[in-house]
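Report on the structure
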Amino acid sequence: ALRGIATRYLRRTGDSARLLALANMATADALMCSWDSKSLFVFWRPITAIRLADTDGNPDTDADPTWEPLFATPPYPDYVSGYTGVVGAMTGSISRILGGGQVDLYITSAAAGVTRHYVTDSALNQDAIDGRMLLGIHFRTADVVGNNMGTQVADWGLDHYFQPT
């Protein structure tokens, strides 16, 4: 997907290298931030919170011990979402290089047999946030914060490194 953007929009080899370097560095840094947060906050996932809601100290919540997410729950803490952090880092990198929140990104899923086209970073970010929450993998807060963190990591990287020459 990144090579497609580089081919369509960036005519100079140096600009393409800058995009690829920024996107890969921001993605790696966002993942490190995510795992650091997971080990610091150790926040429970929706499956645990829903099944044990009667033990959370809030009389307004009811437990549902048979609740199942749509996707298998990963065996590590919820907060913050690494996936939405990666998406934020990628879209942040692309939109900063192309400008105006534009990404023009084609993402193909071999499993689903479909290709999605995203014109803006906000559309892709929102799909990532909604998807992880609707699958039952994360609480929305973990997704939103992870995505914002990834975007901030990309902004910081571009502000401090990878300046055009």
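This structure is a prediction, so every number in the text was calculated from the model and none was measured.

So, how was this worked out
- Residues numbered from 1 in each chain as written.
- Predicted model: local features only at pLDDT ≥ 70, side-chain atom pairs only at ≥ 80, totals over all residues.
- Heavy atoms only, no water.
- Phe/Tyr/Trp six-rings, centres within 6.5 Å; stacked < 30°, edge-to-face > 60°.
- Helix = DSSP H or I, 4+ residues; strand = E, 2+ residues; numbered from the N terminus.
- Buried < 20%, exposed > 50% of the residue type's maximum accessible area, 1.4 Å probe, protein only.
- Lys NZ or Arg CZ within 6 Å of the ring centre and 35° of its normal.
- Pairing = 2+ DSSP bridges.

Before going further, it helps to spend a moment on the packing of aromatic side chains. What the rule picks out here adds up to five aromatic pairs. Relative to Tyr79, the ring of Phe41 has its centre 5.2 Å away and its plane inclined at 90 degrees; by these criteria the two rings are edge-to-face. Pair noted here: Phe41 is in helix 2 (residues 13-41) and Tyr79 is in the loop between helix 3 (46-51) and helix 4 (82-98), with a separation of 38 residues, a long-range link. What makes Phe41 partly exposed here is its relative accessible area of 47%. Three or more aromatic residues link up through ring pairs in this structure, and these residues are Trp156, Tyr161 and Phe162. Here Lys38 stacks its cationic end above the ring of Trp35, 5.8 Å away from the centre of that ring.

Before going further, it helps to examine the pairing of strand 2 (residues 114-120). Taken together, the six bridges between strand 1 (residues 102-109) and strand 2 define a ladder with antiparallel strand orientation. Within strand 2, the position partnered with Gln102 by the bridge is Thr120. Hairpin connection from strand 1 to strand 2: four residues lie between these consecutive antiparallel strands, with Gly113 at a positive phi of about 70 degrees.

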